[in-house]
Amino acid sequence: MRWKFILHLIGVLVISIGLCMVFPVLFSLYYGQGDLDPLLQSMAITVGSGLLLFLGTRGANKQAAMSHREGMIITGLGWFAAGAFGSLPFLFSGEFASLTDAVFESFSGFTTTGASILTDIEALPRGLLFWRSFTHWLGGMGIIVLSLAILPFLGVGGMQLYRAEVPGPVPDKLKPRIKDTALTLWKVYLFFSALEAALLLLGGMSLFDALCHTFGTMATGGFSTRNASIAAFDSAYIQYVITLFMLLAGINFSLHYRLLRGKPLALWRDPECRTFLGLFAACLVIMVSCTYGDTYDSFWDSLRFGSFQVASILTTTGYATADYELWLPLCQIILLFLMFVGGSAGSTGGGMKVMRLMLLVKSSYKELMRLIHPRAVLHVKFGRKVVSDDVTRGIWGFFILWLLLFALGALTVAATGVDVMSSFAASLACIGNIGPGVGLVGPTDNYAFMSDFAKWVLILLMVLGRLEIYTIIILFIPEFWRK
C-alpha cells in the first residue's frame with residue numbers, strides 16, 4: 001500500500017475543497033453579515049493542510065497503476081476529509097451548538113442528504129448558507145469525479161476512483177480516457193445547473209436563492225435557504241421548475257449527455273429511465289386521486305403538490321412544499337416506499353437505485369422459472385444485454401447489506417430514546433440520502449433534538465449510503481489490509 005501516494009491525492013482533494021470556499025467568501029463580502037472571518041480562517045486551514053499533505057508527499061511513487069484497494073482508501077478518506085474540513089466554517093461561526101452539529105451539517109451537505117439540525121435557517125449569515133448549499137453541489141456529482149479531471153496531470157490514472165465513487169452497480173465510461181469522462185459529466189452537470197438557475201431567476205428568485213436552490217436540486221440534496229423550504233416562495237412556476245430539474249437530476253447523466261449530443265430517444269430507449277419515469281407517473285396518479293377533494297379542492301393544486309413531493313422523495317432530494325404527514329395514510333405509505341427506491345444509477349440521487357431493484361425483480365423471476373423448468377438455460381437481461389452472475393451477486397449482496405445497516409441504524413437510534421417511527425425514518429432518510437422522513441424528522445421538523453451519539457450514527461449512515469456501502473464497509477474487513 002503506497003501511503004505517501006494516497007496522502008498525496010488526499011492533499012489534492014483538501015486543497016480543492018479549500019479553494020471552493022472562495023465562493024461563500026464573496027457572498028459574505030457582499031452581504032456583510034459577520035461570517036467573513038470564519039470563512040477565511042476555514043479556507044486558510046483547509047488549503048494549508050492540503051498543501052502540507054501534498055508537498056510533504058512529493059516523492060510518492062505515481063508510476064505504478066493505482067490498485068483497486070488504493071482507490072477504495074482514497075475515496076473513503078477523501079469523503080471523510082471533505083466532511084471534516086467542510087464543517088470548519090460552521091464550527092468557527094459559533095452558529096452551531098457543538099462540533100457534532102457542525103460535522104452533521106457538513107456531512108449532510110456533501111453526501112447530499114439534506115438532513116439538518118438548524119431550527120432557524122434564515123438566521124444564518126448568507127455566506128454560511130451559501131457554503132451549506134454549495135457542499136451539496138460539490139458532493140452531488142462527486143468530489144472524486146471532479147478530481148479525476150486533474151489527476152492525469154499528476155501522472156495518476158483514475159478508473160479505480162471512478163468505480164469506487166460513482167453511484168450505481170456499473171460505472172458508465174463515456175470516453176476512452178477517464179479524465180474526459182469526468183469532464184463530460186461535469187459539463188452536463190454545469191449546463192443543467194446554469195439552466196435551472198436562469199429559470200429560477202425568471203421566476204422572481206434572487207441570485208442567491210436561485211443558486212442555492214439549484215445546488216440543492218441538481219445534487220438532489222434538499223438544503224434550502226428558507227425555514228419553510230420551497231413552500232416559502234408560494235410560486236407554482238418555481239415549484240414546477242424545481243420538479244422538472246429534480247427529475248432530470250434523478251436520471252443517469254450519461255443519458256443526458258447522449259440527449260445533448262442529438263439522440264432524442266436516448267431517455268426512452270433506456271429501460272431504467274422508462275421505469276423511473278413510469279414509477280413517477282404511477283405514484284403521481286395515486287397521489288392526485290387521494291389528495292384531490294380531500295386535502296386540496298383544486299385539481300391543479302393536487303397535481304402541483306403531488307408531483308413535487310413524489311419527485312422530491314423519489315429522487316431523494318427532500319425539498320418540501322407541503323406537510324405530507326397531513327395527507328391520507330396511503331399517500332404517506334407510497335412516499336415511504338419511494339424512499340427505498342431512489343434515483344437512477346449514474347444520477348446524483350441516493351437510495352438503492354432503480355436499476356438494482358429492477359435486476360433484483362428479474363433475478364427473483366428467473367429463480368421462479370428455474371423451479372418450473374429446472375434444465376432451462378436462463379439469463380437475467382437488462383434491455384438487450386445479458387447481466388453477468390457477478391453483477392447479480394453484487395446487487396444481492398448490496399441489497400442485504402443495505403437492509404441490515406438500515407435496520408441496525410434504526411435500532412441504534414431507538415436505543416437513544418427516540419420513538420420507533422422516528423428512528424425508522426431517520427435511519428432510512430440518512431442511508432438513502434433523503435433528509436426528511438416521517439415522525440419527529442418529518443418535512444417540517446429537523447434532527448436537532450437527537451443526542452450526539454445518534455447524530456454520529458446517522459453521519460456514518462449518510463456516508464455509507466452516498467458511497468454505496470461497499471466502499472466504506474470493505475475498509476473494515478481484515479483481509480482487505482493483508483497482502
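As a reminder, the structure under discussion sits directly above these lines.
This report concerns the structure included in the present document. (Residues numbered from 1 in each chain as written. Predicted model: local features only at pLDDT ≥ 70, side-chain atom pairs only at ≥ 80, totals over all residues. Heavy atoms only, no water.)

Looking only at helices and strands, the protein chain features 22 helices and 2 strands. Taken over C-alpha atoms, the radius of gyration comes to 22 Å for the protein chain, in line with the 23 Å a tight globule of 483 residues would show. With the C-alpha coordinates aligned to their principal axes, the bounding extent of the protein chain is approximately 60 × 60 × 50 Å. Across the protein chain, the fraction of contacts at a sequence separation of at least 24, relative to all contacts at a separation of at least 6, is 72%. Accessible surface computed for the protein chain: about 19,700 Å², of which carbon and sulfur atoms make up 66%. Averaging the locations of the 34 positively and 29 negatively charged side chains of the protein chain gives two centres separated by 19 Å. (Helix = DSSP H or I, 4+ residues; strand = E, 2+ residues; numbered from the N terminus. Rg over C-alpha atoms; globule rule 2.2 N^0.38 Å. Contact = heavy atoms within 4.5 Å. Areas by Shrake-Rupley, 256 points an atom, 1.4 Å probe, with all protein chains shown as cover. Lys, Arg positive; Asp, Glu negative; His and termini not counted. Charge placed at Lys NZ, Arg CZ, Asp CG, Glu CD.)

Let's shift gears to a nonpolar patch on the surface. On the surface, M1, W3, L77 and W481 cluster together to form a nonpolar patch covering roughly 380 Å² of accessible area. Examined against the element boundaries, W3 turns out to sit in helix α1 (residues 3-20). (Patch = residues over 30% accessible without salt bridge, like charges linked within 9 Å, V, L, I, M, F, W, Y side chains within 5 Å. Salt bridge = Lys/Arg side-chain N within 4 Å of Asp/Glu carboxyl O.)

The next thing to look at is the pattern of salt bridges. Any two side chains of opposite charge can pair, on the condition that their charged atoms come close. Under the defined criterion, the tally for this structure stands at 9 salt bridges. R356 is the partner of E468 in a salt bridge, and the nearest nitrogen-oxygen pair spans 2.5 Å. Of this pair, E468 sits in the loop between α21 (452-466) and α22 (470-473) while R356 sits in helix α18 (residues 354-372), and the two are 112 residues apart along the sequence. Pair check on accessibility: E468 and R356 agree, each one buried. (Buried < 20%, exposed > 50% of the residue type's maximum accessible area, 1.4 Å probe, protein only.)

With that out of the way, let us pick up helix α7 (residues 126-141). Taking 1.5 Å of rise per residue, the 16 residues of α7 would be expected to cover 22 Å, and the 24 Å separating its terminal C-alpha atoms lies within 8% of that figure. With 15 of its 16 residues buried, α7 lies for the most part within the structure. (Expected span 1.5 Å × (residues − 1).)

Moving on, we get to helix α15 (residues 271-291). In a regular helix each residue adds 1.5 Å, so 21 residues correspond to 30 Å; α15 covers 30 Å between its end C-alpha atoms and thus fits that length. Of all the residues in α15, the buried ones are P271, E272, C273, F276, F280, C283, L284, M287, V288, C290 and T291. Structurally, the start of α15 carries an N-cap: the backbone nitrogen of E272 is 3.2 Å from a side-chain oxygen of D270. Count one or two residues on from α15 and you reach G293, which has phi positive near 90°. (Polar contact = N/O pair within 3.5 Å; in protein donor to acceptor, adjacent residues only side chain to side chain.)

Moving on, we come to the side chain of R466. Secondary-structure assignment places R466 in helix α21. A relative accessible area of 5% places R466 in the buried class. At 2.7 Å, the side chain of R466 forms a polar contact with the backbone oxygen of G139.

Counting through the fold element by element, Q309 comes out in helix α16 (residues 299-314). C-alpha of Q309 to C-alpha of A320: the two residues are 11 residues apart in sequence and 6.6 Å apart in space. If sequence neighbours within four positions are ignored, Q309 has contacts with Y319, A320, T321, A322, Y324, W327 and L335.

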